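Results of the structural survey
One letter stands for each residue in the lines below.
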Amino acid sequence: MGQVAWKGLFLSLFDYKTEKYVIAKNKKVGILYRVVQLSILAYLVGWVFVVKKGYQDTDTSLQSSVITKLKGVAFTNTSELGERLWDVADYVIPPQGENVFFVMTNLIVTPNQRQATCPEAAAALCDRFCAVCAAGVKTGHCLKERDSIRGTCEILAWCPVEKRSKPKKPLLASAENFTVYIKNSIRFPKFKFSKMNVLATDNESYLKSCRYSTEHPYCPIFLLGNIVRWAGSDFHEMALEGGVIGIQIEWNCDLDKAPSECNPHYSFSRLDNKFAEKSISSGYNFRFAKYYRDAEGVDYRTLFKAYGIRFDVMVNGKAGKFNIIPTVINIGSGLALMGAGAFFCDLVLLYLIKKSNFYRGKKYEEVKSSSRKSLSSPTLNGNQSPDQLGGL
Amino acid sequence: MGQVAWKGLFLSLFDYKTEKYVIAKNKKVGILYRVVQLSILAYLVGWVFVVKKGYQDTDTSLQSSVITKLKGVAFTNTSELGERLWDVADYVIPPQGENVFFVMTNLIVTPNQRQATCPEAAAALCDRFCAVCAAGVKTGHCLKERDSIRGTCEILAWCPVEKRSKPKKPLLASAENFTVYIKNSIRFPKFKFSKMNVLATDNESYLKSCRYSTEHPYCPIFLLGNIVRWAGSDFHEMALEGGVIGIQIEWNCDLDKAPSECNPHYSFSRLDNKFAEKSISSGYNFRFAKYYRDAEGVDYRTLFKAYGIRFDVMVNGKAGKFNIIPTVINIGSGLALMGAGAFFCDLVLLYLIKKSNFYRGKKYEEVKSSSRKSLSSPTLNGNQSPDQLGGL
Amino acid sequence: MGQVAWKGLFLSLFDYKTEKYVIAKNKKVGILYRVVQLSILAYLVGWVFVVKKGYQDTDTSLQSSVITKLKGVAFTNTSELGERLWDVADYVIPPQGENVFFVMTNLIVTPNQRQATCPEAAAALCDRFCAVCAAGVKTGHCLKERDSIRGTCEILAWCPVEKRSKPKKPLLASAENFTVYIKNSIRFPKFKFSKMNVLATDNESYLKSCRYSTEHPYCPIFLLGNIVRWAGSDFHEMALEGGVIGIQIEWNCDLDKAPSECNPHYSFSRLDNKFAEKSISSGYNFRFAKYYRDAEGVDYRTLFKAYGIRFDVMVNGKAGKFNIIPTVINIGSGLALMGAGAFFCDLVLLYLIKKSNFYRGKKYEEVKSSSRKSLSSPTLNGNQSPDQLGGL
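Residues numbered from 1 in each chain as written. Chains lettered and ligands numbered in written order. Predicted model: local features only at pLDDT ≥ 70, side-chain atom pairs only at ≥ 80, totals over all residues. Heavy atoms only, no water.

**Here we look at the overall build of chain A**
- In terms of helices and strands, chain A carries eight helices and 19 strands.
- When each of the 392 residues of chain A is scored for burial, the buried share is 55%.
- Summarising the internal contacts of chain A: among those between residues at least 6 apart in sequence, 69% fall at separations of at least 24. (Helix = DSSP H or I, 4+ residues; strand = E, 2+ residues; numbered from the N terminus. Buried < 20%, exposed > 50% of the residue type's maximum accessible area, 1.4 Å probe, protein only. Contact = heavy atoms within 4.5 Å.)

**A few points about the sheet that holds strand E19 (residues 364–367) of chain B**
- Pairing is mixed in the open sheet, where three strands are placed in the order E1(A)-E2(C)-E19(B). Single-partner strands in this sheet number two, and they are strand E1 (16–19) of chain A together with E19 of chain B. Looking at each pair of strands side by side, their axes are set apart by 30° on average, direction ignored.
- Of the strand pairs in this sheet, E1 of chain A and strand E2 (residues 21–24) of chain C are connected by four bridges, and their pairing is antiparallel. Its bridge partner lying in E2 of chain C, Tyr 16 of chain A is registered against Ala 24 of chain C. (Pairing = 2+ DSSP bridges. Axes fitted to C-alpha atoms, helices over the stretch in contact; angles between N-to-C directions.)

**Digging into the side chain of Asn 106 of chain C**
Residue and element names in this part refer to chain C.
- You can see Asn 106 is positioned in strand E8 (residues 100–119).
- Since its relative accessible area comes to 1%, Asn 106 is described here as buried.
- One polar contact links the side chain of Asn 106 to the main-chain amide nitrogen of Leu 171, over a distance of 3.5 Å.
- Here the side chain of Asn 106 touches Leu 240 through a polar contact of 3.1 Å, landing on its backbone oxygen.
- Excluding its chain neighbours within four sequence positions, the residues that come into contact with Asn 106 are Pro 167, Lys 169, Pro 170, Leu 171, Ala 239, Leu 240, Lys 305, Ala 306 and Tyr 307. (Polar contact = N/O pair within 3.5 Å; in protein donor to acceptor, adjacent residues only side chain to side chain.)

**Side note on the UniProt feature "transmembrane region" (unreviewed entry) in chain A**
Residue and element names in this part refer to chain A.
- Cross-referencing UniProt, the feature "transmembrane region" (unreviewed entry) maps to residues 31–50 and 331–353 in the present numbering.
- Across residues 31–50, helical content stands at 100% and strand content at 0%; the span's end C-alpha atoms are separated by 26 Å.
- Helix makes up 96% of residues 331–353 and strand 0%, and the two end C-alpha atoms of the span are 32 Å apart. (UniProt positions renumbered as here; feature names shortened; annotations may be inferred.)

**Focus on the environment of Leu 171 of chain C**
Residue and element names in this part refer to chain C.
- Tracing the backbone shows Leu 171 in the loop between strand E11 (151–159) and strand E12 (179–188).
- Exposure remark for Leu 171: the relative accessible area of 21% places this residue in the partly exposed category.
- Beyond its immediate stretch of four places on either side in the chain, Leu 171 contacts Thr 76, Thr 78, Leu 81, Trp 86, Thr 105, Asn 106 and Leu 107.

**With respect to the interface of chain C and chain A**
- Across the boundary between the two partners, chain C contributes 88 residues, which contact 71 residues of chain A.
- Here chain C meets chain A over a buried area of about 7,300 Å², counting both sides, of which 59% is carbon and sulfur.
- Applying the counting criterion to the chain C and chain A interface returns four salt bridges.
- Residue Asp 15 of chain A is joined to Lys 25 of chain C by a salt bridge in which the shortest nitrogen-to-oxygen separation is 2.9 Å.
- One can count 29 residue pairs in polar contact (both at pLDDT 80 or more) joining chain C with chain A.
- Examining the composition of the side of chain C that touches chain A, we find that 10 residues originate from one element, helix H7 (residues 324–352) of chain C, more than from any other.
- Direction of pairing for strand E2 (residues 21–24) of chain A relative to strand E19 (residues 364–367) of chain C: parallel, over a ladder of four bridges. Residue Val 22 of chain A lies in a different strand from E19 of chain C, and its bridge partner there is Glu 365 of chain C. (Buried area = accessible area lost by both parts, 1.4 Å probe. Salt bridge = Lys/Arg side-chain N within 4 Å of Asp/Glu carboxyl O.)

**Quick word on the UniProt feature "glycosylation site" (unreviewed entry) in chain A**
- With numbering matched to this structure, UniProt assigns "glycosylation site" (unreviewed entry) to Asn 177 of chain A.
- Inspection of the secondary structure assignment puts Asn 177 of chain A in the loop between strand E11 (151–159) and strand E12 (179–188).

**Describing the relation of the copies chain B and chain C**
- For the pair chain B and chain C, the best superposition has an RMSD of 0.1 Å and corresponds to a rotation of 120° with a translation of 0.1 Å parallel to the axis. The relationship between the two copies is best expressed as a three-fold rotation axis. (Least-squares fit on C-alpha atoms with pLDDT ≥ 70 in both.)

**Points about the sheet that holds E2 of chain A**
- Reading across the sheet, the three strands line up as E1(B)-E2(A)-E19(C) and stay open at both edges, with mixed pairing between neighbours. The outermost strands of the open sheet, each flanked by one partner alone, are strand E1 (16–19) of chain B together with E19 of chain C. Sheet twist, expressed as the average angle between the axes of neighbouring strands with direction ignored, equals 30°.
- Packing of helix H8 (residues 356–363) of chain C onto the sheet brings it into contact with E2 of chain A together with E19 of chain C, and relative to E19 of chain C it is tilted by some 55°.

**Here we look at unusual backbone geometry**
- Each neighbour pair has its own omega, and for Ile 93 of chain A with Pro 94 of chain A the value is -10°, a cis peptide bond.
- The topology assignment puts Pro 94 of chain A in the loop between strand E7 (92–93) and strand E8 (100–119).
- Look at Lys 53 of chain A: it is not a glycine, yet its phi comes out positive at around 50°.
- Looking at the element boundaries, Lys 53 of chain A is found in the loop between helix H2 (27–51) and strand E3 (56–59).
- Residue classification places Lys 53 of chain A among the partly exposed residues on the basis of a relative accessible area of 29%.
- Positive phi, close to 50°, is recorded for Lys 192 of chain C, a residue that is not glycine.
- Structurally, Lys 192 of chain C is set in the loop between E12 and strand E13 (193–196).

**Section: the state of the cysteines**
Residues and elements named next belong to chain A.
- What the rule picks out here adds up to nine disulfides over all chains.
- Between the sulfur atoms of Cys 253 and its disulfide partner Cys 262 the distance amounts to 1.8 Å. Taking the torsion about the S-S bond as the criterion, the Cys 253 to Cys 262 disulfide, at about 60°, is right-handed. Across this residue pair, the class does not change: Cys 253 and Cys 262 are buried. (Disulfide = S-S within 2.5 Å.)

**Brief notes about the pattern of salt bridges**
- Evaluated as defined, the whole model comprises 36 salt bridges over all chains.
- Salt-bridge contacts for Lys 27 of chain C lead to Asp 15 of chain A; the nearest nitrogen and oxygen are separated by 2.9 Å. Residue Lys 27 of chain C is located in helix H2 (residues 27–51), and its partner Asp 15 of chain A is located in the loop between helix H1 (2–12) and E1; the two belong to separate chains.
- Note on Lys 27 of chain C: relative accessible area 32%, which makes it partly exposed.
- Notably, a salt bridge pairs Asp 346 of chain B with Lys 363 of chain B, separated by 2.9 Å at the nearest N-O pair. One end of the pair, Asp 346 of chain B, is in helix H7 (residues 324–352); the other, Lys 363 of chain B, is in helix H8 (residues 356–363), with 17 residues separating them in the sequence.
- Under the relative-accessibility criterion, Asp 346 of chain B is labelled buried at 10%.
- Salt bridges linked by common partners bring Arg 84, Asp 87 and Asp 90 of chain A together with Arg 301 of chain C together as one network.

Shown next, in the form of structure tokens:
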């Protein structure tokens, strides 16, 4: 007997249970529900799957390696430096060709600085006492010319101190014609996908002579003047005061397609605040020195205040590939949303239309265990509870 | 007739079908279900939407550009170097002002090194044979003083070799008062949103005189001593042995609000292992050399073992903006969770309470196509299958 | 009376409403539905939760700081440079030990360059006119030896110009035995979790003598020759022409486990295109100069074209930790998927099997408000609408 019960229990596991529906022959609510269903379906298919590629797993943390190499020479003829030729080893800092590189375009040179005492820059006047100063340490002496009331503080510093006057025009304005070759390897670790921005199939001569432009979107050689122009700046103005240009390389790859369709997209923007021309946040410059030793073994140096353009190559990417998890999440939550649509239509049917009372009675079948006589037929009375959260 | 059938089919598409519910007048299960519903609703609204902003799409891969600029001079007076002034060009390596910069605070100088043979550092004693060594290549000779049994290996190296003794106190302890100006531009590529940490509206004099503190959270100028203190370290101790400080800039932006509410938050931490004071993993130093050429054209160099503080500016950010997809996903899965709650309450109703047998009969209407007589009324017998997975 | 009605309304809120199900004693569809249920459950538990850890919130934007330190000396004896010893200060560029470092392995030295006019490199012949050139600015003169028809252009440049001939074998081939110590601190900002790749518990002597290998996976000291070999390249070939090696450090941390189980995983790959041996995209070199000043105060320089291996340490990571939101999303969408499974089985039951007509009649109870006589019993007629989208 027990065996029979267990057998029945086991067999009943394979009975199919399906929800019982009430067909409300109400065209208004029916049409409303179909509209809701179609909207959700359209959103799910059109927006989530086609536009947003909701069936894909994405990887946004890419590994990137950038190699840059500049080319170009500039010739200058100034009263200070005489005829001078500038090549890559002179104007690129640092020389290694990493993803951030600086091209010197302007220069304040203060040659033959030695550790000594000398008057501070002319701007800082003193009458008797001398306070802290930027370029060196004040000795406390006030260097006055004969008969004058005010003088200049004496400082212990690398003397002579740097002049404050900025050059009126950029020294290396011809840097506009320099080229930079940018080699970028990326890897999406989640999908184990690697690519380079240099086309493997192209012949070497093309890669030596091409220049990046809208006609040559996969040429990795850029004219500096073009980069600055595309970033919306004027090269000559920028060469004078310096600045920072961002070269964004964006890899937006759909790995469900062929690898050859995964290509970099370049964009250029100015990163220092170009609008605040006179503010502290515009321009880019830094100081460095070349150190020499004279025959007596005393160190002296040439101080350079270098103005120029720093280029930050910033690589950014997203790869998507079909994955079952986001697909299921999106389908599942779309279906759940249909349940919400049904709930909304139920509210309309049960509380907002004229015959709602009748439908409420049909949808909800009241059962009471105490009164067995009411069991065989559902209660149809109108005082069905107007339960707002009923069907949720 | 076929036309009529098709018309009926078409019209029936707009019949609204709604699930039939059984009202179980059982207050216990009813209250339980309401509690479950309210919990899920509270979780969905309170935690997912209000706290976690589940209605937003987030972008965590930001593009960032950092410009740093140091200010300050230090004066030292040692027996080795004499009176000497250190300015930015002397102590900042590399000079370009990138996101990683090093401030030299201590120094072992080995001047006038030339390629020659000389005895190895005193620590390495030999009696007769000389093995490999770190500073140069052993010639194999053992340099002994007269009458002594042990001597020192002769090596071919840059001679004289560097002394092993560390300075007892930091040379540039006054670096504590240097300031660094950190300029950070960020961009969230997904939302095409850019911002800088330098307030555009502030007057220039404020930006020249302010110092970052809790009272001035948007001032981008930091005192090195403060940075180290905020990172939980002692400047003098760190200046002696070197170390690495991380300056984290965090942009946590809610782009549904005004852009002016998207502000950076700074935090400071020590990145080298400060606890393991004597271990290989604490401190930070590196060697570099300045190369000179004497009148005869022979190269010589001054070797510097620089101890100091490396600052790594690490920018990190997250931006969120309303997006329909995560909103739908979160609402959808919350609703689906309510279905799970209903399933749980069904289990209670159908199997755990006293009258479960009766409710089971009401909920499940058994139909058999072979016995047409049972169709007009649901089966109400108690031996309904106790199916555990029934309603799932 | 109104009070009673409100009380009834309030009490009815706590009536439990449960969906009414129809049990279709059809084993085929029942088994089909159980199979669908089990598949979804297996997918949810096995794939989403166990394999993909769907219950975890993940953080992929880690903050990382890398310190590198090289060790090793090389001795060379060439006709150009004579006996020479190379130590860390000579061959590591830049010296600071950041995450990108370059080890010089080969060299073209052009000593004593001065700003002057000289013939261009022999390759560029001219008969009369001289066009643009890479190394300097053409003066326009054609330097011809007596009686020869063709000559060489005269250029204003750093003279003498660099020779084009590459060395046949790498100068610092012994760099293979140099070691690099890589110290990497990471932090997952979302979980406030920090760790280093240097084991805190290890004794100092182990960290000084160990070498990374499969037997010592947590030793942070790497032999350069091994790194290159693991990247699938030949050190001697790479030392000759230069190249870029990526050292990927991957942190894949399950923060629900103990922090000691969060360990780095190293992998090595070649980032420049090694296959295209003669192409523009292989190899790695750059030019830099050391500047000197002679007794007359005239600058001259030694130009170095450095070939070598650049190592890019790239840190990448993912941390997961239990979080209620993704858990709920995954469970919810799994449940919603079961609803989709039920819908599919409904389609089978209602339209594809033999007795589908009968089941359709049982599932859908047609109600019409106009004909009250049909209310007490559901309609059971076979011409129920064959509604394709019925149960959705």
